[in-house]
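Survey of secondary and tertiary structure
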Amino acid sequence: MNTPFSFDIAEFRERYPGLTEAKISDGALNGCWDDVKALLADEEGNFPYPPSKIKPILFAALCHMATLATNDRDQPGRITSATEGSVSVSFEALQIKSETGQWWQQTKCGALFWALTLPYRSGLRFYPGRKIVGIY
């Protein structure tokens, strides 16, 4: 059962006061919200999280997208070393058992999203077998 959710910019900015309109405009924030919906919502715009937990989960996802959009870096991952003379920077992706997890771990908000959604990620595996005929 998927849950509908209506995004409220004012409520989001209250929860994440560092993402002011001076940092990211309402238009850009709505664009990030569209990205969250594209990643997490079904075709009707509903989300696979229970009503009691949906707001913290989706706001953490949106905060992650907005932080990535405003960090002025093109390189994903965290900086592990930097030098000033002849400018050199090294980046590291956090080691998680999935590429998706590494992407979410780039920001504090993304790490929160990843932790909050742990109960909703399944370890479902598909093992192909023979085709069963006649069962409908």
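Residues numbered from 1 in each chain as written. Predicted model: local features only at pLDDT ≥ 70, side-chain atom pairs only at ≥ 80, totals over all residues. Heavy atoms only, no water.

1. Let's talk about the overall build of the protein
As a reminder, the rule being used: Numbering goes from the N terminus for both helices and strands, where a helix is a DSSP run of H or I of at least four residues and a strand is a run of E of at least two. Per-residue accessibility, obtained with a 1.4 Å probe over protein chains only, is compared with the maximum for each type, and a residue is labelled buried under 20%, exposed over 50%, and partly exposed between these values. Whether two residues are in contact is decided by their heavy atoms: any pair within 4.5 Å suffices. Accessible areas in this description were obtained via Shrake-Rupley with a 1.4 Å probe; residue shielding takes into account the shown protein chains only.
Broken down by element type, the protein carries five helices and two strands. From first element to last, N terminus to C terminus, the protein shows the α and β order α-α-α-β-β-α-α. Residues classed as buried in the protein amount to 29% of the 136 residues present. Considering only contacts within the protein whose residues lie at least 6 apart along the sequence, 57% involve residues at least 24 apart. A total of about 9500 Å² of accessible surface is found on the protein, and carbon and sulfur atoms cover 54% of it.

2. Digging into the pattern of salt bridges
Basically, it comes down to this: The salt bridge definition used is simple: a Lys or Arg side-chain nitrogen within 4 Å of an Asp or Glu carboxyl oxygen.
As enumerated under the stated definition, the model contains three salt bridges in all. Here Lys-55 and Glu-11 are joined by a salt bridge, their closest N and O atoms 2.4 Å apart. Here the residue Lys-55 occupies a position in helix α3 (residues 54–70), and Glu-11 occupies one in helix α1 (residues 9–15), the gap between them amounting to 44 residues. When its relative accessible area of 31% is taken as the criterion, Glu-11 is described as partly exposed.

3. A few points about the nonpolar core
In plain terms, the rule: We call a set of buried Ala, Val, Leu, Ile, Met, Phe, Trp, Tyr and Cys residues a nonpolar core when their side-chain atoms join them within 4.5 Å.
Grouped together as the largest cluster of nonpolar side chains are 29 residues, with contacts concentrated most on Phe-12, Phe-47 and Leu-58. Mapped by element, the contributors of at least two residues to this core are α1, α2 (26–40), α3 and α5 (108–116). In terms of residue count, α3 provides more of this core than any other element does, 10 residues in total. In this view, Leu-58 contacts Phe-5, Trp-33, Val-36, Leu-40, Phe-47 and Tyr-49; residues no more than four positions away in its chain are not counted.

4. Details of the state of the cysteines
Our working definition: Disulfide assignment relies on a single distance test, namely cysteine sulfur atoms paired within 2.5 Å.
By the definition in use, this model includes one disulfide. Between the sulfur of Cys-63 and that of Cys-109 lies a disulfide, 1.9 Å long from S to S. Placement of Cys-63 in helix α3 and of Cys-109 in helix α5 is noted, with a sequence separation of 46 residues between them. We classify Cys-63 as buried; its relative accessible area is 4%. Residue Cys-109 is classed as buried on the basis of its relative accessible area, which comes to 12%.

5. Focus: the packing of α3 against α5
Under the convention used in this document: Axis definition: a line fit to C-alpha positions, over the contact stretch in the case of helices; interaxial angles, taken between N-to-C directions, run 0 to 180 degrees. Reported orientations rely on four angle classes, namely roughly parallel under 35 degrees, roughly antiparallel over 145, roughly perpendicular from 65 to 115, and oblique for the rest. The handedness criterion is simple: a crossing whose near helix is rotated anticlockwise from the far helix by less than a right angle is left-handed, and one whose near helix is rotated clockwise is right-handed.
Contact geometry for α3 and α5: axes closest at 7 Å, N-to-C directions at 150 degrees. Viewed along their axes, α3 and α5 adopt a mutual orientation that is roughly antiparallel. The element α3 and its partner α5 pack so that their crossing is left-handed. Along the contact surface, α3 presents Pro-56, Ile-57, Ala-60, Ala-61, Cys-63 and His-64, while α5 presents Cys-109, Gly-110, Leu-112, Phe-113 and Leu-116.

6. Observations regarding the confidence of the model for the protein
Rules: On a scale of 0 to 100, pLDDT captures the predictor's confidence in every residue.
Taken residue by residue, the protein gives an average pLDDT of 83. The fraction at 70 or more is 71%. By mean pLDDT, strand β1 (residues 78–83) is the weakest element of the protein at 64, and α1 is the strongest at 97.

7. So, the side chain of His-64
Within the secondary structure, His-64 sits in helix α3. A relative accessible area of 0% places His-64 in the buried class. Those residues within four positions of His-64 in sequence are excluded, and the remaining contacts are Trp-103, Trp-104, Gln-106, Thr-107, Cys-109 and Gly-110.

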